Amino acid sequence: MAPVCHRFCLIHFVSFTTLLLVLVNADDIFLEWQVNIDTTIKPVSVDQPVITINGMFPGPLINATTNGIIHVNVFNNMDEPLLITW
Ligand SMILES: *[C@@H]1O[C@H](CO)[C@@H](O)[C@H](O)[C@H]1NC(C)=O
């Protein structure tokens, strides 16, 4: 009986420790992105409007790790619909 319990308890301990590590390591990142059209930035030296995020082109870096949760509040200030994918 004791070896079974020992093994069973070890599995529980490992599971609990893993869960704890996931919970401790899970970073929540909260971002706000203001999306606009900018006609002054000329990335290819051509008069062509570009889409900026927080005034930046290319957009900002998201520095995240595995199991992190990223919350992005996107405000579309353009006159057209916007789709952002990763
Ligand atoms: C991302 O974050 C880690 C941890 O804070 C840091 O060590 C690393 O330099 C960052 N990378 C970039 C590209 O900012």
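Residues numbered from 1 in each chain as written. Predicted model: local features only at pLDDT ≥ 70, side-chain atom pairs only at ≥ 80, totals over all residues.

**Q** Please clarify how the overall build of the chain should be interpreted in this entry.
**A** Check the secondary structure of the chain and you find one helix and three strands. Across the 86 residues in the chain, those meeting the buried criterion constitute 0%. Counting contacts in the chain only where the partners sit at least 6 residues apart, residues at least 24 apart contribute 57% of the total. (Helix = DSSP H or I, 4+ residues; strand = E, 2+ residues; numbered from the N terminus. Buried ≥ 20, exposed ≤ 12 C-beta atoms within 10 Å, placed from the backbone. Contact = placed C-beta atoms within 7 Å.)

**Q** Would you take a moment to explain unusual backbone geometry for this structure?
**A** The amide bond that connects F57 to the next residue, P58, takes the cis arrangement and shows omega of -5°. For P58, the position within the fold is in the loop between β2 (50-53) and β3 (69-76). A positive phi angle is found at N54, which is not glycine, with a value near 55°. For N54, a count of 13 C-beta atoms within 10 Å corresponds to the partly exposed category.

**Q** Whenever I open this one, the sheet that holds β3 confuses me. Can you help?
**A** Where strands meet in a sheet, backbone hydrogen bonds hold them as pairs that are either parallel or antiparallel. Read from one edge to the other, the open sheet built from three strands follows the order β2-β1-β3, with strand pairing classed as mixed. Unpaired on one side and paired on the other, β2 and β3 mark the two borders of the sheet. In this sheet, neighbouring strand axes are inclined to one another by 25° on average, regardless of whether the strands run parallel or antiparallel. Of the pairings in the sheet, the one linking strand β1 (residues 28-38) to β2 comprises four bridges and is antiparallel in character. Counted as the bridge partner of D38 is V50 from β2. (Pairing = 2+ DSSP bridges. Axes fitted to C-alpha atoms, helices over the stretch in contact; angles between N-to-C directions.)

**Q** Would you mind showing me how to read the pairing of β1 here?
**A** Working note: regular strand, side chains alternate between the two faces of the sheet. The sheet contact formed by β1 and β3 spans eight bridges and is parallel. The partner of Q34 across the bridge, within β3, is F75.

**Q** It is not clear to me how the environment of N36 should be interpreted in this structure. Could you clarify?
**A** With respect to the helices, strands and loops of the structure, N36 is situated in strand β1. N36 gets classed as partly exposed once you count the C-beta atoms within 10 Å, which come to 15. Sequence separation of N36 and I53 is 17 residues, and the distance between their C-alpha atoms is 6.6 Å. Here N36 is in contact with T52, N77 and M78, once residues within four sequence places are set aside.

**Q** Sorry if this is basic, but what is going on with the environment of T40 here?
**A** Inspection of the secondary structure assignment puts T40 in the loop between β1 and β2. For the pair T40 and V50, spaced 10 residues apart in sequence, the C-alpha separation works out to 8.6 Å.

**Q** Whenever I open this one, the environment of F75 confuses me. Can you help?
**A** Following the sequence through the fold, F75 ends up in strand β3. The spacing of F75 and N54 is 21 residues in sequence and 9.9 Å in space, taken between C-alpha atoms. In contact with F75, other than residues within four places in its own chain, are W33, Q34 and V35.

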